[in-house]
Amino acid sequence: MSKRKLSRQQRWRIEKIQAERAKRAEQRDEQDRSKLAAGEYGPERTGRVIAHFGRTLDVQGAGEEIVRCHLRANLEGLVTGDRVIWRAAQDIEGNIVEGVVVARSDRQNVLERPDPRGQLKPVAANIDQILIVFAVEPAPHPNLIDRYLVAAEATGIAPALVLNKIDLLPEDGGELGELLARYEALGYPVVTTTTARAEGLDALLECLAGRTSVFVGQSGVGKSSLIDRLLPDESLRIGALSKDSRKGTHTTTTARLYRLPAADDAELIDSPGIREFGLIHLDEQQVTEGFIEFRDYLGHCRFRDCRHRQEPGCALLEAVERGDIHPERFASYRHIVDSLNET
Ligand SMILES: Nc1nc2c(ncn2[C@@H]2O[C@H](COP(=O)(O)OP(=O)(O)OP(=O)(O)O)[C@@H](O)[C@H]2O)c(=O)[nH]1
Ligand SMILES: [Zn+2]
């Protein structure tokens, strides 16, 4: 009895909070509308979302300025990396004090991850490449690299492989050298790095230049260390935050975009959610198409519904037989497909 009463009370409270929140949003939107109508906001400008906190965003304009903006009520689901149209409010001296985002530009692509209820939610947009980081220690399992590659291929964002901790690599390159050569032969860019030497990041900087990248990869491979080295200047990182967002830094786990002026305006988007990206759920077709060297053969099996297991006339099995598809990649494909049914 008392339990029911309590839950009704709780429900009432939740409804009340939601109603208040909606009312506040409506009021702010009303204010924005009248300010926009009164010309209190300046002309439309383009910008990029570099961090977001609910309905509040940090937007970087064409210059270096970062402006705390809020959203028009009709705009939902903006994420870090989105390109937006915004308008600035200025104080009497002409300094931009805040802004309002009025529209979102079309996305080139979007990275998604499941929320706690298992529904896919966007976490970042307009990314040029996914850097899959692995290391000499802990040694990578080829399956895991393939899994990341498949997940990257499914997003349509170009993957590249980064082998870190090459200071721990034996002189002859060992097995990893062979593994890298295999991925290079498939056409994937491969970069080797170390945070232990001054010049260890040169190749990485080159690969980052002029583009927007995200780092993904298993724990302990050195993603944080690489990012620390790329953004050595603390102020550069904090520079990505406008004044009041600094207070709330630890309360947000959303993605953040960093600019690296030293590398031809390379951009990095980082967040714990993105780092776990390889572990998203995929279906069998996505996995099959995610092995890029299979693409030439798909559709050429004798049976249209071929599962590429032991069917006669399977174009993939024949390609493995001929040595056109590496047996380890094929084994890895099997392994990943089989694991789909376990989750
Ligand atoms: N020898 C060597 N060690 C490195 C290198 N880069 C990073 N490490 C070490 O590897 C360990 C893990 O590095 P992190 O940067 O925390 O790894 P991470 O990928 O960010 O891990 P998560 O935060 O768990 O995702 C640390 O002890 C680093 O000091 C490297 O190039 N060479
Ligand atoms: Zn087949």
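Note that this is a predicted model, so its numbers are computed, not measured.

(A) How the structure looks around the site of ligand 1. Not every one of the 15 residues close to ligand 1 is listed here, only the nearest: S219, G222, K223, S224 and S225. With three residues, helix α5 (residues 223-230) is the largest single contributor of residues to the shell around ligand 1.

(B) Region of interest: the nonpolar core. Counting residues in hydrophobic clusters, the biggest one holds 63 residues, and the most contacted among them are V59, A124, I132, V133, V214, V216 and I274. Among all residues touching V133, those that are not within four sequence positions of it are V162, N164, F215, V216, G217, V221, G222, K223 and L226.

(C) Structural view of the pairing of strand β7 (residues 120-125). Looking at chain direction, strand β6 (residues 110-114) and β7 are connected through five bridges and run antiparallel. Note on β7: the bridge partner recorded for E112 is P122. Connecting β6 to the antiparallel partner β7 that follows it, the hairpin turn spans five residues, and G118 within it adopts a positive phi of roughly 85°.

(D) Geometry of the confidence of the model for the chain. Averaged over every residue, the pLDDT of the chain is 85; the share at 70 or more is 90%. Taking the mean pLDDT of every element in the chain, the minimum, 43, falls on helix α7 (residues 243-247) and the maximum, 97, on helix α10 (residues 315-322). Counting contacts from residues 238-252, a segment whose pLDDT is below 50, to residues more than four positions away or on other chains yields 22 contacts.

(E) How the structure looks around the pairing of strand β4 (residues 83-90). Sheet topology places strand β1 (residues 41-53) next to β4; six bridges connect them, and they run antiparallel. Bridge pairing links G47 to V84 in β4. The sheet contact formed by β4 and strand β5 (residues 96-104) spans seven bridges and is antiparallel. From the neighbouring strand, V84 faces β5, where its bridge partner is R104. Hairpin connection between β4 and β5: a loop of five residues separates the two successive antiparallel strands, and G94 in this loop has a positive phi of roughly 90°.

(F) Up close: the environment of H281. Checked against the element boundaries, H281 lands in the loop between α8 (272-275) and α9 (284-290). H281 sits in the exposed class, given 11 other C-beta atoms within 10 Å. Considered as a pair, H281 and G118 are 163 residues apart in the sequence and their alpha carbons are 9.5 Å apart.

(G) Geometry of the packing of helix α2 (residues 142-155) against helix α11 (residues 327-340). Where α2 meets α11, the closest approach of the two axes is 9 Å, and the angle between their N-to-C directions is 70°. Here α11 runs roughly perpendicular to α2, going by the angle between their axes. On α11, the residues touching P142, N143, D146, R147 and V150 of α2 are E328, R329, S332, H335 and I336. In terms of residue class, the contact of α2 with α11 is built from three nonpolar, three polar and four charged.

Calculation notes
- Residues numbered from 1 in each chain as written.
- Chains lettered and ligands numbered in written order.
- Predicted model: local features only at pLDDT ≥ 70, side-chain atom pairs only at ≥ 80, totals over all residues.
- Near = placed C-beta within 6 Å.
- Helix = DSSP H or I, 4+ residues; strand = E, 2+ residues; numbered from the N terminus.
- Core = buried A, V, L, I, M, F, W, Y, C linked by C-beta atoms within 7 Å.
- Buried ≥ 20, exposed ≤ 12 C-beta atoms within 10 Å, placed from the backbone.
- Contact = placed C-beta atoms within 7 Å.
- Pairing = 2+ DSSP bridges.
- pLDDT = per-residue confidence, 0-100.
- Axes fitted to C-alpha atoms, helices over the stretch in contact; angles between N-to-C directions.
- Parallel < 35°, antiparallel > 145°, perpendicular 65-115°, else oblique.
- Nonpolar A, V, L, I, M, F, W, Y, C, P; charged D, E, K, R; others polar.

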